[in-house]
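Residues per chain are reported as follows:
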Amino acid sequence: MSDDAVDVGEYEDVWVFVEEHGGEVMPVSWELLAEAAKLTETTGDDLVALAIGEGLETVADEALARGADRVLVADDPVFEPYRADPYGEQFRAMVEERKPSIVLIGGTHTGRDFAGRVAVPAHAGLTADVTELDVDDEGILQARRPAFGGDVLATILCEEHRPQMATIRPGVFEAAAPDPERVADGDVVSVDVVVDEADAISEVLEREVGDTADITEAERIVAVGRGVEGDLEPARRLAEALDAELAASRAAVDEGWVDGARQVGQTGKTVRPDLYVAVGISGAIQHVEGMNKSGTVVAINDDPNAPIFEHADYGIVGDLFEVCPALADRLEGEPIQEVTG
Amino acid sequence: MTWTIAVGVKQVPDADEVGIDPDTGRLDRASAPAVMNGPDRHALEAALTIRDQVGGEVIAMTMGPPNATSVLEEAVAMGSDDAVLISDRAFAGSDTWPTSLTLARAAEALEADVVVCGEETTDSSTGQVPPGIAAHNGWAQLTYAEAVDARPEEGRLAARRDVEGGYELVAAELPVVVAVAFGEFDPRPAPLHRKIYGENDFEPTVWDAEALGIEDEVGLDVSPTSVGRMETVDPVERKGEVVDEVDGLLEPIAEVRA
């Protein structure tokens with residue numbers, strides 16, 4: 001046992017960070033509440049939501065409606081817009097004062113940005129990109145994450161330090177549904193704000209958020225990869241015909257063709273639509289890992305050896321610039337133009 | 001005033017060369033050649049960009065065994081002015097907590113104004129080390145950086161950060177840790193004379209845990225996390241049916257939509 005190990009018995013409750021920006025809550029927050037409720041069923045702990053921002057009344061009530069027993073609220077203009085240093089400092093002060101056993105944070109850019117500013121000074125264990133959660137009889141969190149490109153699922157433990165922290169990949173769990181009747185039974189606790197604007201070491205000069213598409217909730221997805229060569233038109237057309245959301249592999253996001261909010265895979269989101277159409281996606285394991293919970297998978301690729309075909313229910317080997325419009329035509333009830341493939 | 005810009009680089013197994021062990025069917029990482037973590041090349045480019053803007057010195061630092069010197073030689077070939085190898089058996093078993101402590105102390109020892117890292121490594125992909133360095137030192141951080149703008153007159157570095165659904169422009173006081181977003185800052189090629197210098201004449205400074213005063217604060221014992229079980233992920237069974245024409249897709253699609 002190391003010198004910094006703590007008396008784990010002093011720590012209780014499961015905390016879920018509710019990430020909000022200007023009143024908009026990131027959907028992963030509600031996914032975590034649902035999953036954390038399963039943990040507290042086992043441990044008998046309280047389920048505590050934690051919100052940091054400005055003007056959080058509605059957010060706090062929604063957290064209660066969606067399953068929290070209690071909401072800790074740090075409400076101050078210093079927290080809007082988000083910055084790593086005020087968030088980290090406030091969150092850390094709350095952790096050190098109230099000693100939670102488990103802390104779950106959505107693995108968004110924001111969550112991954114500040115989680116370390118809590119875990120490092122608290123000497124807490126922090127597991128990244130968790131896709132499965134469980135807790136044993138002794139309250140030890142079993143945080144599972146894909147390793148080696150998704151080939152292996154590693155269980156990460158934090159036995160002697162507290163809190164046990166984890167960032168959780170968005171889209172992996174089902175969100176908790178709100179029950180307005182729960183609100184009256186829960187507590188909203190306003191906590192002391194320990195951060196002063198004068199101490200801030202960063203300043204947000206501009207912030208522009210447009211496309212906040214939540215592909216994790218989509219029933220149908222058309223996803224593009226490097227094969228579309230920057231031309232999204234065929235995929236957009238097909239998405240329209242299918243009433244589907246557009247998504248992308250990391251390659252297409254890195255090229256700047258599609259916004260990062262729509263990225264599927266290990267470094268993006270996990271999706272589980274009824275229908276997933278992969279257009280010009282080779283099917284690297286890191287991508288497949290984010291879409292293999294989909295219902296029916298269709299692959300369109302001109303390379304018959306592309307790995308994506310092994311991860312698809314139906315494949316068509318052909319030029320996507322011909323296949324996509326032809327399929328869109330047929331879906332829209334057009335007669336067969338020309339046989340492709 | 002010029003800046004000292006430290007760049008964290010790491011030697012990892014080449015993700016493109018990791019083969020399958022024919023006996024076990026598992027990934028065989030041990031036989032893959034060791035290379036510089038891909039995102040770190042982009043971090044180096046960002047560091048060189050900052051040096052171009054403000055002047056100063058770029059110093060690569062890596063934590064690893066003695067043979068990790070090769071990634072430092074590569075960093076020097078790309079344009080780093082100097083490099084430090086941080087190597088000690090005491091580091092074995094370190095998770096991201098002592099790893100970021102080590103790099104934080106090294107950055108302090110270098111009197112770095114800016115530390116630049118890649119977004120994450122390809123072998124453990126936690127992305128925790130850059131914010132960890134900032135947290136250990138109480139420094140500012142700019143993660144998911146897509147562009148950088150040195151503002152020496154303000155004592156700040158500004159970066160355009162990729163956030164879900166958009167971007168933000170954030171200015172941070174020095175010293176600051178920057179983590180470069182995937183795919184940004186295309187690395188410049190290393191000129192031949194720098195490659196020759198890196199491989200033949202360059203010797204990195206070598207520090208051990210004691211040199212950084214952290215011999216009791218690293219390794220397995222101070223790492224809060226440990227790896228428990230490793231389970232193979234069973235691939236999801238798919239039909240794998242290839243159809244010849246688009247009409248073959250209509251029925252399965254209709255079934256899903258029903």
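As a convention, each chain's residues are numbered from 1 in the sequence order in which they are written. All chains are assigned letters beginning at A, and all ligands numbers beginning at 1, according to the order in which they are written. The model is predicted, so local features are restricted to residues of pLDDT at least 70 and side-chain atom pairs to those at 80 or more, both for listing and for counting; the totals for chains, interfaces and linings are taken over all residues. Calculated side-chain values reflect all of the structure's heavy atoms, with hydrogen atoms and water omitted.

Draft legend 1. View of the overall build of chain A. Numbering goes from the N terminus for both helices and strands, where a helix is a DSSP run of H or I of at least four residues and a strand is a run of E of at least two. From N to C terminus, chain A includes 8 helices and 18 strands. Computed over C-alpha atoms, the radius of gyration of chain A comes to 22 Å, within 12% of the 20 Å expected from 2.2 N^0.38 for 341 residues, which places it in the range of a compact globule. In terms of overall dimensions, chain A has C-alpha extents of about 70 × 40 × 40 Å along its principal axes. In chain A, which comprises 341 residues, the share counted as buried stands at 60%. Throughout, a residue-residue contact means that at least one pair of heavy atoms, one from each residue, lies within 4.5 Å. Taking the intrachain contacts of chain A between residues at least 6 apart in sequence as the baseline, contacts between residues at least 24 apart amount to 64%. The accessible surface values rely on the Shrake-Rupley method and a 1.4 Å probe; as for residues, cover is taken only from the protein chains in view. As displayed, chain A has an accessible area near 13,000 Å², and 40% of this comes from carbon and sulfur atoms. For chain A, the distance from the average site of its 25 positive side-chain charges to the average site of its 73 negative ones is 2 Å. The reference for a compact globule is 2.2 Å times residues^0.38; the radius of gyration itself is calculated from the C-alpha atoms. Buried means the residue's accessible area, taken with a 1.4 Å probe over protein chains only, is under 20% of the maximum for its type, while exposed means over 50%, and partly exposed covers the values in between. For the charge count, each Lys or Arg is scored as positive and each Asp or Glu as negative, with His and the chain ends excluded. Where a charge sits is defined by one atom per residue type, namely NZ (Lys), CZ (Arg), CG (Asp) or CD (Glu).

Draft legend 2. Inspection of the overall build of chain B at higher detail. Check the secondary structure of chain B and you find 6 helices and 15 strands. Seen along its three principal axes, the alpha-carbon backbone of chain B occupies a region of about 70 × 45 × 40 Å. Burial statistics for chain B: of 258 residues in total, 55% are counted as buried. Pairs at least 24 residues apart make up 71% of the contacts formed inside chain B by residues separated by at least 6 positions. Between the mean site of the 18 positive side-chain charges and the mean site of the 50 negative ones, chain B shows a separation of 3 Å.

Draft legend 3. Region of interest: a negative patch on the surface. Taken together, the side chains of Glu229(A), Asp231(A), Glu233(A), Glu240(A), Asp302(A), Asp303(A), Asp319(A) and Glu322(A) present a region of like negative charge at the surface. If you trace the backbone, Glu322(A) turns up in helix H8 (residues 320–331). Distance thresholds for patches are 9 Å for like charges and 5 Å for nonpolar side chains (Val, Leu, Ile, Met, Phe, Trp, Tyr), applied to residues having over 30% relative accessible area and no salt bridge. One side-chain nitrogen of Lys or Arg within 4 Å of one carboxyl oxygen of Asp or Glu is enough to make a salt bridge.

Draft legend 4. The arrangement of the confidence of the model for chain B in detail. Within a predicted model, pLDDT stands for the predictor's per-residue confidence, ranging from 0 to 100. In the predicted model, chain B carries a mean pLDDT of 93, and the fraction of residues at 70 or more is 95%. Prediction confidence for the complex, expressed as pTM and ipTM, is 0.89 and 0.92 respectively.

Draft legend 5. Representation of the nonpolar core in the model. Core analysis: the biggest nonpolar cluster contains 38 residues, and Trp3(B), Ile5(B), Ile50(B), Val114(B), Val116(B) and Leu157(B) have the highest contact counts within it. Looking at this core, the element that brings in the most residues is helix H1 (residues 38–54) of chain B, giving 7 residues. Among residues more than four places away in sequence, those in contact with Ile5(B) are Ala47(B), Ile50(B), Arg51(B), Glu57(B), Val58(B), Ile59(B), Val114(B) and Val116(B). Each nonpolar core is a collection of buried residues, namely Ala, Val, Leu, Ile, Met, Phe, Trp, Tyr and Cys, held together in the definition by side-chain atoms within 4.5 Å. Grouped together as the second largest cluster of nonpolar side chains are 34 residues, Ala239(A), Tyr314(A), Leu320(A) and Val256(B) included.

Draft legend 6. Looking closely at the side chain of Thr143(B). Looking at where Thr143(B) falls in the secondary structure, it is placed in strand E9 (residues 140–151). By relative accessible area, Thr143(B) is classed as buried at 5%. A distance of 2.5 Å separates the side chain of Thr143(B) from the side chain of Asp113(A), its partner in a polar contact. With near-sequence residues (within four places) excluded, Thr143(B) lies in contact with Asp113(A), Pro131(B), Arg161(B) and Ala179(B). Nitrogen and oxygen atoms within 3.5 Å of one another constitute a polar contact, given that in protein one can donate a hydrogen and the other can accept it, and given that sequence-neighbouring residues count only through two side-chain atoms.

Draft legend 7. View of the interface of chain A and chain B. With 85 residues of chain A at the interface, the matching set in chain B holds 68 residues. Roughly 6,700 Å² is buried in total at the junction of chain A and chain B, and carbon and sulfur atoms are behind 54% of that figure. Of the charged contacts, one joins Arg161(B) and Asp113(A) as a salt bridge, the two residues approaching to 3.8 Å between their closest N and O atoms. Across the chain A-chain B interface, the total number found is 37 residue pairs in polar contact (both at pLDDT 80 or more). Here the side of chain A that touches chain B gets 9 residues from one element, more than from any other, and that element is helix H4 (residues 109–122) of chain A. Put simply, Ala, Val, Leu, Ile, Met, Phe, Trp, Tyr, Cys and Pro go in the nonpolar bin, Asp, Glu, Lys and Arg in the charged bin, and everything else, Gly too, in the polar bin. Grouping the amino acids of the side of chain A that touches chain B by side-chain chemistry returns 39 nonpolar, 24 polar and 22 charged. Once two parts are brought into contact, the accessible area they lose, counted with a 1.4 Å probe and summed over both, makes up the buried area.

Draft legend 8. Seen up close, the environment of Ala254(B). With respect to the secondary-structure elements, Ala254(B) resides in helix H6 (residues 247–257). Taking C-alpha positions, Ala254(B) is 43 Å from Val180(B), a pair spaced 74 residues apart along the chain.

Draft legend 9. Focus on empty space enclosed by the protein. Lining residues are defined by having an atom within 4 Å of a point belonging to a cavity or pocket. Those points lie on a 1 Å grid over the protein atoms alone, cavities being sets where a 1.4 Å probe fits but cannot get out and pockets being open sets with protein on both sides within 12 Å along at least five of seven lines. Grid points are joined across faces, edges and corners, and a volume is the space filled by probe spheres set on the points. Here the structure, examined in full by the defined rule, presents 6 cavities of 30 Å³ or more. By volume, the largest cavity amounts to about 90 Å³. Around the largest cavity sit 14 residues that line it, and Val120(A), Leu126(A), Thr96(B), Trp97(B) and Gln128(B) are the ones nearest its centre. Listing elements by their share of the lining of the largest cavity, those giving two or more residues are H4 and strand E7 (125–130) of chain A together with helix H3 (96–109) of chain B. Along the lines of polarity and charge, the residues of the lining of the largest cavity split into 6 nonpolar, 7 polar and 1 charged.

Draft legend 10. Quick look at the sheet that holds strand E17 (residues 296–301) of chain A. Note on pairing: DSSP must find at least two bridges between two strands before they are called paired. The sheet built from 6 strands is open, its strands ordered E15(A)-E14(A)-E16(A)-E17(A)-E18(A)-E15(B) with parallel pairing. For this open sheet the edge positions go to strand E15 (245–248) of chain A together with strand E15 (241–243) of chain B, each flanked by a neighbour on one side alone. With direction set aside, neighbouring strand axes in the sheet form an average angle of 25°. Bridging between strand E16 (residues 275–279) of chain A and E17(A) involves 5 bridges; their strand directions are parallel. Paired with Val279(A) across the bridge in E17(A) is Ile300(A). To get an axis, fit a line to the C-alpha atoms, keeping to the stretch in contact for a helix; angles then go from 0 to 180 degrees between the N-to-C directions.

Draft legend 11. Structural detail: the environment of Gly155(B). Mapped onto the secondary structure, Gly155(B) falls in the loop between E9 and strand E10 (156–163). Excluding residues that lie within four positions of it along the chain, Gly155(B) makes contacts with Ala172(B), Glu173(B) and Leu174(B).

Draft legend 12. Region of interest: the pattern of salt bridges. One pass over the full model with this rule turns up 35 salt bridges over all chains. Across the pair Arg144(A) and Glu132(A) runs a salt bridge, and its minimum N-O distance is 3.8 Å. Pair noted here: Arg144(A) is in strand E9 (residues 141–147) and Glu132(A) is in strand E8 (residues 132–135), with a separation of 12 residues, a long-range link. On the basis of relative accessibility, which here comes to 9%, the residue Arg144(A) falls in the buried class. Residue class for Glu132(A) comes out partly exposed when judged on its relative accessible area of 36%. A salt bridge links Arg41(B) to Glu74(B), with the nearest nitrogen and oxygen atoms 2.5 Å apart. Of this pair, Arg41(B) sits in helix H1 while Glu74(B) sits in helix H2 (residues 69–78), and the two are 33 residues apart along the sequence.

Draft legend 13. Expanded view of the sheet that holds E9(A). What the 4 strands build is an open sheet, ordered E8(A)-E9(A)-E10(A)-E14(B); its pairing is antiparallel. Across the chains shown, the open sheet's two edge strands, defined by having one partner strand only, are E8 of chain A together with strand E14 (226–232) of chain B. Each neighbouring strand pair of the sheet contributes to a mean axis angle of 25°, computed without reference to strand direction. Where E8(A) and E9(A) come together, 4 bridges link them in antiparallel fashion.

Draft legend 14. Structural detail: the domain arrangement of chain A. Residue and element names in this part refer to chain A. Segmentation into domains, and thus their bounds, comes from an automatic or database assignment. Under the domain assignment, chain A is made up of domain 1 (8–199) and domain 2 (215–331). Each of domain 1 and domain 2 has a C-alpha centre, and the two are 32 Å apart. Contacts between domain 1 and domain 2 engage 11 residues on the former and 12 residues on the latter. Buried area between domain 1 and domain 2, summed over both chains or domains, comes out near 970 Å², and the portion from carbon and sulfur atoms is 39%. The interface formed by domain 1 and domain 2 contains 1 salt bridge. Where Arg 169 meets Glu 289, a salt bridge forms, and the shortest distance between an N and an O atom there is 3.0 Å.

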